[in-house]
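# Topology and contacts: notes
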Amino acid sequence: MKTSVIITILLISISACNSQINLANIQNIRPNNDSIEIININRILKEEKFELAPIIKEIKLVKLETTAESILKDYGDILVTNDYIYITDNYKGQGLSIFQKNGQFVKRVPNGLGPGELYSNFEIAYNYEKNELVVSQSPSKIFFYTPEGSFKYEIDINISIASFISHNNEYFAYIEPGVIGKDLLKKFKNNIFFVLDSNFTILKTALSEKRQVPYYDSPYITKTDDKIYFTHQLCDTIYQYSEKLLQVKYVFIYDDKLQINPKQLDYRNVDFFIETLIRNNDKYWFGGGYFANKDNHVFLLNKVTSSYSIYQDKKTKHLIGGLIPQINSQPIYALSKVLSSYNDYYIYVLQSSENSDIKNLIESNMIDDIDKKKLLENNEEDNPILIFVKYKSF
């Protein structure tokens with residue numbers, strides 16, 4: 001009983017600490033632009049089909065177990081750690097399914113309003129230093145879980161996080177412009193990049209963005225080695241945060257770009273943004289899709305409802321990409337869009353009903369017999385299959 005009281009007091013104290021902000025301790029940083037790399041992707045956008053076989057080093061498949069409890073519907077974020085796979089989806093409301101690295105189902109954190117249950121608009125990250133699964137629950141709460149998904153505790157914070165990752169016991173977050181807690185003064189209200197400590201106290205902030213661009217279906221933040229990469233929608237710029245310094249790292253240029261009047265933007269009206277400004281415009285636009293590892297990186301560019309993938313070798317600067325990826329001249333539509341990354345692997349999703357992709361993968365000679373068996377035993381009603389791809393230098 002005494003232990004429970006002490007824990008309760010401790011958690012209330014943590015929450016209280018996070019509800020107060022000493023603005024004098026927050027560093028407003030400016031990005032350095034002394035070493036910008038310009039990437040011209042116009043040639044790639046002319047390519048309808050592109051061949052991946054010559055640059056693929058390895059393909060691994062993870063078949064997610066299908067049970068009455070593990071069914072996935074309209075999956076969202078995919079987070080892979082050394083031991084587990086975490087997937088958000090809309091089955092029976094927004095929830096979080098946990099699988100072992102081999103695809104075996106562990107448990108589901110359900111949708112609801114009870115302790116540790118999830119409701120709408122949440123983001124996930126993993127803190128390796130504390131060995132915790134961390135969930136940002138809109139509008140201003142953080143939930144902490146064991147790696148297996150057992151709820152530990154929650155805290156209140158002062159910002160509404162749209163996307164975040166953990167690195168070296170700090171958190172790096174994207175915040176929609178203008179969507180901040182009541183305790184932050186106007187000087188920070190349009191900043192979108194935040195560095196927070198392990199208790200989610202704000203340490204640094206940067207990148208004022210006055211355009212009210214809705215957050216739309218992209219991670220915005222990724223990491224490789226000790227570098228954090230950050231971007232956002234309609235900016236065509238990749239920022240790098242390393243050794244406590246923020247710099248403009250990559251700027252990609254292309255023609256026929258979607259132009260939007262800032263007066264038309266409203267982060268609260270995502271449907272208008274998608275339908276009117278994007279799907280009804282035959283122009284290219286960057287949705288914030290960017291992934292990287294130490295050897296290469298990939299940009300995802302959109303046009304109406306299509307997604308163009310642009311891969312670049314960081315050392316040689318060579319580019320490859322286009323609209324429809326192929327292996328040995330056969331289309332593999334599942335490889336059209338990277339959805340996550342883990343170490344040197346990019347992660348894609350193969351729907352169990354995509355029979356043509358399954359057939360082409362089996363005949364590609366790019367997967368081993370164990371993975372071929374997974375595809376041959378697949379049923380159309382099964383959960384999707386995760387495709388892990390590692391690329392060579394090119």
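In the block above lies the structure referred to throughout.
Cut-offs and rules
- Residues numbered from 1 in each chain as written.
- Predicted model: local features only at pLDDT ≥ 70, side-chain atom pairs only at ≥ 80, totals over all residues.
- Heavy atoms only, no water.
- Helix = DSSP H or I, 4+ residues; strand = E, 2+ residues; numbered from the N terminus.
- Contact = heavy atoms within 4.5 Å.
- Pairing = 2+ DSSP bridges.
- Axes fitted to C-alpha atoms, helices over the stretch in contact; angles between N-to-C directions.
- Parallel < 35°, antiparallel > 145°, perpendicular 65-115°, else oblique.
- Left-handed = near helix turned anticlockwise from the far one by under 90°.
- Nonpolar A, V, L, I, M, F, W, Y, C, P; charged D, E, K, R; others polar.
- Patch = residues over 30% accessible without salt bridge, like charges linked within 9 Å, V, L, I, M, F, W, Y side chains within 5 Å.
- Areas by Shrake-Rupley, 256 points an atom, 1.4 Å probe, with all protein chains shown as cover.
- Salt bridge = Lys/Arg side-chain N within 4 Å of Asp/Glu carboxyl O.
- Buried < 20%, exposed > 50% of the residue type's maximum accessible area, 1.4 Å probe, protein only.

Secondary-structure assignment places F172 in strand 14 (residues 170–180). Sequence separation between F172 and F194 is 22 residues; the distance between their C-alpha atoms is 5.8 Å. When neighbours within four sequence positions are excluded, F172 is seen to be in contact with S163, F164, I165, H167, F193, F194, V195, I221, I228 and Y241.

For the rest of this paragraph, the subject is the sheet that holds strand 22 (residues 296–303). Pairing within the open sheet is antiparallel, and its four strands lie in the order 21-22-23-24. Single-partner strands in this sheet number two, and they are strand 21 (284–292) and strand 24 (319–322). With strand direction ignored, the average angle separating the axes of adjacent strands in the sheet is 20 degrees. The pairing of strand 22 with strand 23 (residues 306–313) spans eight bridges and is classified as antiparallel. Across the sheet, the residue bridging to V298 is Y311, located in strand 23.

In contact at an axis separation of 10 Å, helix 4 (residues 355–362) and helix 5 (residues 369–376) are set at 155 degrees when each is read in the N-to-C sense. As judged from the angle between their axes, helix 4 and helix 5 are roughly antiparallel. Two packed elements cross with a definite hand, and for helix 4 against helix 5 that hand is left-handed. Taking contact as the criterion, the partners of I358, L361 and I362 in helix 4 are, on helix 5, K372, L375 and L376. Tallied by class, residues from the contact of helix 4 with helix 5 come to five nonpolar, no polar and one charged.

A separate point is a nonpolar patch on the surface. On the surface, I36, I38 and I253 cluster together to form a nonpolar patch covering roughly 250 Å² of accessible area. Secondary-structure assignment places I36 in the loop between strand 1 (27–29) and strand 2 (37–40).

Right, let's talk about unusual backbone geometry for a bit. Positive phi outside glycine occurs at K92, with the angle close to 55 degrees. Note on placement: K92 falls in the loop between strand 6 (84–89) and strand 7 (95–100). Classification of K92 as exposed rests on a relative accessible area of 66%. Of note in the backbone geometry, D236 takes a positive phi value of approximately 60 degrees without being a glycine. Position of D236 among the secondary structure elements: in the loop between strand 18 (227–230) and strand 19 (237–242).

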